[in-house]
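Architecture at a glance
Below, each chain spelled out in residue letters.
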Amino acid sequence: MKEKLPPLQGLYYFYKAAELGSFKVAANRLFVSAAAVSQQIRQLEESLGCHLFYRQHRKVLLTPEGQQLYRELAKGFEHIFTGVQSVNQDPNPNRLSISTLPSFAQHWLVPRIQSFRQQNPDIALLIEPNNQLVSFQDQSVDICLRYGEGIYEGVQSHLLMEDIIYPVCHPLYQQQHQIYDVQDLHRADLIEDTWPDMDWNLWLQHVGAPVGNRTLQYNGSHFVVEGALSVQGVGLIKHSLAYRYIKEGTLVRIGNYALKPKFAYYLCAPEHYFNRPKLKIFIQWLQQEVADFKQCDMSHLDIIDTDYVLRPL
């Protein structure tokens, strides 16, 4: 048999009257008449079969039963208020926590983040490198940036940026091993990410080049970039991570082929998070940075649009 609770309105009127010690003051806070409060509490007492207040001339005092009910209701309504606040309000309006791929954080986001800080000095930033999609249950993260198809359970995804993939190495390595075209890659030390989002054999097959010798593997694209910068070999790297170093001259691209996978970068968060002012400010800044980045000249690249399947991150 299901237990029947008294009306929530009566419980809340009692809670406020008990908290404030007065029907009249409670009525003023609730924007109703004192008679309405008195009636609701009387009906609650009838429903429970006991008195909840000792009614005196200018104030009311709780009976033992009233004290017990008030203690439990105070805890219950506190949980309700906290739950509602967690959905409708940002608990940290001046703190922005961003979970993103370590490679994207190190080689794309962090070098650009100073302009955001200068434009928004009142927003404290926390950038958390992480390969996993966070749950958002504890509200410690405001937004995730992920690389995949944009389909993640329990969150809304917005496309941020597509990418392309090509081989790069340090100029010294290129000169030492005479690696100038994709047909030369078979004699290079190929640096590969252990995650299946960078498969050298698959890339070489798409461009019609001989299969090379994968002599060095790292667990993470950011390490592959560092390996190429350290003259360890040729790394297969996303354009978003490599272009900064190509522009500086510390990396050179091998050949003109690039593959465009079906995966892309996505911004992910619960739907209502995207209404938070700080997140709107950050996304607007990020989209402008992406727009500026897309202005780099890629007219000389032969971009192959493929179904090149990468593992989502």
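Just so you know, these numbers come straight off a predicted model, no measurement behind them.

**Some remarks on the overall build of the protein chain**
Of the regular secondary structure elements, the protein chain holds eleven helices and 14 strands. Against the compact-globule benchmark of 20 Å for 313 residues, the protein chain has a radius of gyration of 31 Å, which places it well outside the compact range. For the protein chain, the C-alpha atoms occupy an extent of roughly 100 × 50 × 30 Å along the three principal directions. Every one of the 313 residues in the protein chain was classed for burial, and the buried ones make up 46%. Residue pairs at least 24 apart in sequence account for 76% of intrachain contacts in the protein chain once pairs closer than 6 positions are excluded. For the protein chain, the computed accessible surface area is about 16,800 Å², with 49% contributed by carbon and sulfur atoms. A distance of 13 Å separates the average location of the 28 positive side-chain charges in the protein chain from that of its 32 negative side-chain charges.

**Quick notes on the domain arrangement of the protein chain**
Often, the extent of an interface is quoted as the loss of accessible area on bringing the components together. Its domain assignment divides the protein chain into domain 1 (6-85) and domain 2 (93-312). Inter-centroid distance (C-alpha atoms) of domain 1 to domain 2 is 58 Å.

**Structural notes on the UniProt feature "domain: HTH lysR-type" (unreviewed entry) in the protein chain**
Here, the residues flagged by UniProt with the feature "domain: HTH lysR-type" (unreviewed entry) are residues 6-63. The distance from the first to the last C-alpha atom of residues 6-63 is 18 Å, and the span holds 62% helix and 10% strand.

**What to know about the confidence of the model for the protein chain**
Summarising the model, the protein chain shows a mean pLDDT of 88, and 93% of its residues fall at 70 or more. Within the protein chain, the element-level pLDDT minimum falls on helix H4 (residues 64-88), averaging 80, and the maximum on strand E11 (residues 252-253), averaging 97. This model gives residues 309-313 a pLDDT under 50, and the stretch forms 22 contacts once residues within four places in sequence are excluded.

**Thoughts on the pattern of salt bridges**
This structure, assessed with the given rule, holds ten salt bridges. Across the pair lysine 278 and aspartate 142 runs a salt bridge, and its minimum N-O distance is 3.1 Å. Taken together, the residues lysine 278 in helix H11 (residues 277-293) and aspartate 142 in the loop between strand E4 (124-129) and strand E5 (143-148) connect sequence positions 136 residues apart. Residue classification places lysine 278 among the buried residues on the basis of a relative accessible area of 3%. Look at aspartate 142 and you get buried, because its relative accessible area is 3%. In this structure, arginine 187 and aspartate 184 form a salt bridge, with 3.5 Å as the shortest nitrogen-oxygen distance.

**Re the side chain of glutamate 289**
Counting through the fold element by element, glutamate 289 comes out in helix H11. Judged by its relative accessible area of 16%, glutamate 289 falls in the buried class. Once residues within four sequence positions are removed from consideration, glutamate 289 is found in contact with Trp108, Arg112 and Ser115.

**A word on the environment of isoleucine 98**
Tracing the sequence through the fold places isoleucine 98 in strand E3 (residues 95-100). When its relative accessible area of 2% is taken as the criterion, isoleucine 98 is described as buried. Here the alpha-carbon distance between isoleucine 98 and leucine 73, two residues 25 residues apart in the chain, equals 37 Å.

**Structural notes on the packing of aromatic side chains**
Following the criterion strictly, the structure yields 17 aromatic pairs and no others. Ring centres 5.0 Å apart and planes at 35° place the aromatic pair tyrosine 15 and phenylalanine 77 in the tilted group. With a gap of 62 residues between them, tyrosine 15 in helix H1 (residues 8-20) and phenylalanine 77 in helix H4 connect regions that are remote in the sequence. The two residues tyrosine 15 and phenylalanine 77 agree in class, both being buried. Joined through ring pairs, the aromatic side chains of Phe104, Trp108, Tyr147, Tyr243, Phe263, Tyr265 and Phe293 make up one cluster. Just above the ring of tyrosine 147 sits the side chain of lysine 238; from NZ or CZ to the centre is 4.5 Å.

**So, the sheet that holds E3**
One open sheet accounts for five strands, arranged E4-E3-E5-E13-E6; its pairing is mixed. Sheet topology places E4 and strand E6 (156-162) at the edges, where each strand pairs with a single neighbour. Here the strands of the sheet are splayed against their neighbours by 25° on average, with no regard to which way each runs. With six bridges connecting them, E6 and strand E13 (residues 264-269) associate as antiparallel partners. Directly across from glutamate 162, in E13, lies its bridge partner alanine 264. Its contacts with the sheet put H11 on E3, E5, E6 and E13, and the angle it makes with E3 is roughly 50°.

**Topic: helix H10 (residues 239-248)**
Among all positions in H10, only His239, Ser240, Leu241, Ala242 and Tyr245 are buried. Of the residues trailing H10, glycine 249 is marked for its positive phi of about 90°.

Thresholds applied
- Residues numbered from 1 in each chain as written.
- Predicted model: local features only at pLDDT ≥ 70, side-chain atom pairs only at ≥ 80, totals over all residues.
- Heavy atoms only, no water.
- Helix = DSSP H or I, 4+ residues; strand = E, 2+ residues; numbered from the N terminus.
- Rg over C-alpha atoms; globule rule 2.2 N^0.38 Å.
- Buried < 20%, exposed > 50% of the residue type's maximum accessible area, 1.4 Å probe, protein only.
- Contact = heavy atoms within 4.5 Å.
- Areas by Shrake-Rupley, 256 points an atom, 1.4 Å probe, with all protein chains shown as cover.
- Lys, Arg positive; Asp, Glu negative; His and termini not counted.
- Charge placed at Lys NZ, Arg CZ, Asp CG, Glu CD.
- Domains from an automatic or database assignment.
- UniProt positions renumbered as here; feature names shortened; annotations may be inferred.
- pLDDT = per-residue confidence, 0-100.
- Salt bridge = Lys/Arg side-chain N within 4 Å of Asp/Glu carboxyl O.
- Phe/Tyr/Trp six-rings, centres within 6.5 Å; stacked < 30°, edge-to-face > 60°.
- Lys NZ or Arg CZ within 6 Å of the ring centre and 35° of its normal.
- Pairing = 2+ DSSP bridges.
- Axes fitted to C-alpha atoms, helices over the stretch in contact; angles between N-to-C directions.

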